[in-house]
Amino acid sequence: MLRKIPSFCHSRLLQHMGTISFSLSLHSPYYTGNTERHNSNRTHFINSMRNQCKSGKVKNLNEALDLFHSLAAMNPLPSVVDFTLLLVVIVRMRHYTTAISLVKHMYSCLGVKVDTFTLNIVINCLCRLKATPFGFSVLGMMFKLGLEPSVVTLTILVNGLCVQGDVDKALGLVEHMEMMGYHSDVHTYGALINGLCKNGDTFTAIEWLRKVEERNWMPNVVVYSTIMDSLCKDGLVSEALDLCSEMRSKGIRPNLITYTCLIQGLCNIRRWKEAGSLLDDMMKTGTMPDLQTLNILVDAFCKEGKVMEAKSVIGFMILMGEGPDVFTFNSLIDRYCLQKQMKGAMRVFSLMVSRGCFPDIVTYTSLIHGWCRIKNINKAMNLLEKMVNMGFTPDVVTWTTLIGGFCQVGRPLAAKELFFSMHKYGQVPNLQTCAIILDGLCKCQLLSEAISLFEAMEKSNLHLNVVIYSILLDGMCSAGKISVAWEFFSSLPSKGLQINVNTYTIMIKGFCKQGLLDEAEDLLRSMEENGCQPDGCTYNVFVQGLLIKKETARSMKYLKVMTNKGFSVDASTTEMIINYLSSNEGDTAFREFLLPKR
């Protein structure tokens, strides 16, 4: 039965992972012929090796392999414990495949009998290499060898399943192993809770936290912080703060990660004062914020347009010696670009470079977006060229930004050329890219170009949604191609698309523009019958069509319908009613509608 391990390792593990090779000398350098001196040298070396491993003095793989070489050359061989101690160091260096190969060599070549701890190392390496199924094969081998899996074995496998997204299997494994008499511990449950949170199942994670407490285990700050972070990401910040208070009441102090996730959650829902208070509380307890925590504040302030507050946080960073990084500068640059303050954005860019902080693709894309917003397409293209010369490959966001920029300045054909150039850089247009280029072509009255491009998109692997179809439908209606538009509209259900209120409104507007009010009214009725309720925009569009044709009675009818449903009359409709009244063609009903009784 023991012979199965080298066969298993060689044919399955190492074939999957790859192997390393190194030479082992046949004779120990510590053997001199004098037995007493030999034993002394041997003991000294083993003690030295143990100290180096425990103190972290083994810095790289070559040093670790040299030590393994020396252990393997000893006669008699050291115990499996000493080999395992060295393996732990190698695993910490993340050389997982090497560790697996060394375990195989220990058994098949050196004859060292592996134990549960050694095989746990193999399972851990396999799970970290995202080969958890092979880890279960090693678990099966443990049983065959008569070795008892430990709680560590179970925890490693649970964590491996959770990392690869098989949380249900992890839950099943824990329940099955406990039924077989293998006990879990707080670390096993912690791995499950982490997996559940990563999977977005926060409430089940809380249920498992309560199970931990029922067993009188003490969850650590990591477990609590994981759940708090998940609650914050779900927008349940108050619940996360309550859990933090509960954790504190049990004598567990929040750490940097706890504070950071709570501050992020508070910033996301714009509870600035509480975020500031939490930062003060954090520092009073002796936990200093790191760059990530401060960057959260900078980014949140920038997104809210609070540039001065963001600059204050950056000043605090510098005082702390943290120094702003590329993320910090990108937040500021993006804010300036959104506000069309390109001088400010370029000043930050220059400061960034002068401080030795190299811009990344996000930096360049934000600046390109800023120049496009103020319709300076030449500056945007110059930045694209500079970006490419710096070795960055423009991504789909960069291309989409530029395509939108060309459309804004009335150069949709140049935008189309860029659209087809994306593949040269290995980029595939996304739905936003498609929407922007089609919208640009339609608004510049290049409907035939838009239809041609749309047909090319349909033939590609792009999964076009109803938004893309609605853009082209709007282009057809705007161009007066109402028959083509209606045929196109009617074909949407056969393409598996759910027609939404926006698409209906576009078609109703198209009918109204052509004076086909009966068709528009029929479509308005049918959309309700099909379970798609008209919104305020739909009613305003239809009423405007009625007013243009001086359909007073029908206009009043639908004005009352929309107001009864809680929709307001928009500015365009109001202006049309006022113009209608000023032409002396309006009746008292319109006056009463616009001027409510006192």
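It should be emphasised that the depicted structure is a prediction, and the values quoted were computed from it without experimental measurement. (Residues numbered from 1 in each chain as written. Predicted model: local features only at pLDDT ≥ 70, side-chain atom pairs only at ≥ 80, totals over all residues. Heavy atoms only, no water.)

1. Remarks on unusual backbone geometry
- Omega for the bond connecting N75 with P76 falls within 30 degrees of zero, at 5°, which places this linkage in the cis form.
- With respect to the helices and strands, the residue P76 is situated in the loop between α3 (61-72) and α4 (80-92).
- One non-glycine residue with positive phi stands out, namely K340, at about 60°.
- Position of K340 relative to the elements: it lies in the loop between α18 (326-338) and α19 (342-354).
- Classification of K340 as partly exposed rests on a relative accessible area of 46%.
- For K375, which is not a glycine, the phi torsion comes out positive at approximately 60°.
- Secondary-structure assignment places K375 in the loop between α20 (361-373) and α21 (377-389).
- You can call K375 exposed: its relative accessible area is 52%. (Helix = DSSP H or I, 4+ residues; strand = E, 2+ residues; numbered from the N terminus. Buried < 20%, exposed > 50% of the residue type's maximum accessible area, 1.4 Å probe, protein only.)

2. Concerning the side chain of T365
- Its location among the elements puts T365 in helix α20.
- Here the side chain of T365 touches I361 through a polar contact of 2.8 Å, landing on its backbone oxygen.
- Once residues within four sequence positions are removed from consideration, T365 is found in contact with M387, D395, V397, T398 and T401. (Polar contact = N/O pair within 3.5 Å; in protein donor to acceptor, adjacent residues only side chain to side chain. Contact = heavy atoms within 4.5 Å.)

3. Some remarks on helix α26 (residues 466-478)
- Counted at 1.5 Å a residue, the expected span for α26 with its 13 residues is 18 Å, and the 18 Å between its end C-alpha atoms agrees.
- Buried residues of α26: V466, I468, Y469, S470, I471, L472, L473, G475, M476 and C477, and no others.
- Those residues of α26 that are buried are in contact with α24 (431-443), α25 (447-459), α27 (482-490) and α28 (501-513).
- Just beyond α26, the residue with positive phi is G480, at close to 80°. (Expected span 1.5 Å × (residues − 1).)

4. A closer look at the pattern of salt bridges
- With the rule as written, the count across this model stands at 20 salt bridges.
- Between K250 and E246 there is a salt bridge, with the nearest N and O atoms lying 3.4 Å from each other.
- One salt bridge in this structure joins E449 and K416, with 2.5 Å as the shortest N-O distance. Placement of E449 in helix α25 and of K416 in helix α23 (residues 412-421) is noted, with a sequence separation of 33 residues between them.
- Put simply, D518, E521, D522, R525, E551 and R554 are held in one network by salt bridges that share partners. (Salt bridge = Lys/Arg side-chain N within 4 Å of Asp/Glu carboxyl O.)

5. Structural notes on α19
- When the terminal C-alpha atoms of α19 are compared, their 18 Å separation across 13 residues agrees well with the 18 Å that a helix rising 1.5 Å per residue should span.
- Those residues of α19 that sit buried are M342, G344, A345, V348, F349 and M352. Along the axis of α19, the buried residues cluster in a sector spanning 160°; they form a single face. Seen from the buried face of α19, the exposed residues on the opposite side, beyond 90 degrees, are K343, R347 and S354.
- For α19, the elements touching its buried residues are α18, α20 and α21.
- Of the residues trailing α19, G356 is marked for its positive phi of about 80°. (Arc of directions from axis to C-beta.)

6. Description of the packing of α27 against α28
- Relative orientation of the contacting elements α27 and α28 amounts to 155°, with a least axis distance of 10 Å. As far as their axial angle goes, α28 and α27 are roughly antiparallel. For the pair α27 and α28, the crossing hand works out as left-handed. Packed against α27, whose contacting residues are I482, A485, W486 and F489, the element α28 presents T503, Y504, M507, G510 and F511 at the interface.
- Of the residues that constitute the contact of α27 with α28, the class distribution is 7 nonpolar, 2 polar and no charged. (Axes fitted to C-alpha atoms, helices over the stretch in contact; angles between N-to-C directions. Parallel < 35°, antiparallel > 145°, perpendicular 65-115°, else oblique. Left-handed = near helix turned anticlockwise from the far one by under 90°. Nonpolar A, V, L, I, M, F, W, Y, C, P; charged D, E, K, R; others polar.)

7. A few points about the confidence of the model for the chain
- Of all residues in the chain, 91% attain a pLDDT of 70 or more, and the chain-wide mean is 87.
- Helix α1 (residues 4-17) is the least confidently modelled element of the chain, averaging 36 in pLDDT, while α28 averages 96, the highest of any element.
- Within the model, the stretch residues 1-32 combines pLDDT values under 50 with 65 contacts to residues more than four positions away or in other chains. (pLDDT = per-residue confidence, 0-100.)

8. Details of the packing of α3 against α4
- Across the interface, α3 lies against α4 with an axial gap of 10 Å and an inter-helix angle of 170°. It follows that α3 is roughly antiparallel to α4 by the angle criterion. The residues of α4 that touch α3, namely those facing L61, A64, L67, F68, L71 and A72, are D82, F83, L86 and I90.
- Classifying every residue of the contact of α3 with α4 by side-chain character gives 9 nonpolar, no polar and 1 charged.

9. Structural notes on the packing of aromatic side chains
- Applying the stated criterion across every chain yields a total of 17 aromatic pairs.
- Ring centres of W486 and F511 lie 5.5 Å apart, and the angle between their planes is 50°; this geometry places the pair in the tilted category. Pair noted here: W486 is in helix α27 and F511 is in helix α28, with a separation of 25 residues, a long-range link.
- A residue is classified by how much of its surface remains accessible, and W486, at 37% relative accessible area, is partly exposed.
- Ring pairing ties together the aromatic residues W486, F489, Y504 and F511, which thus form one cluster.
- The ring of W208 is capped by K211, whose NZ or CZ atom sits 3.9 Å from the centre of that ring. (Phe/Tyr/Trp six-rings, centres within 6.5 Å; stacked < 30°, edge-to-face > 60°. Lys NZ or Arg CZ within 6 Å of the ring centre and 35° of its normal.)

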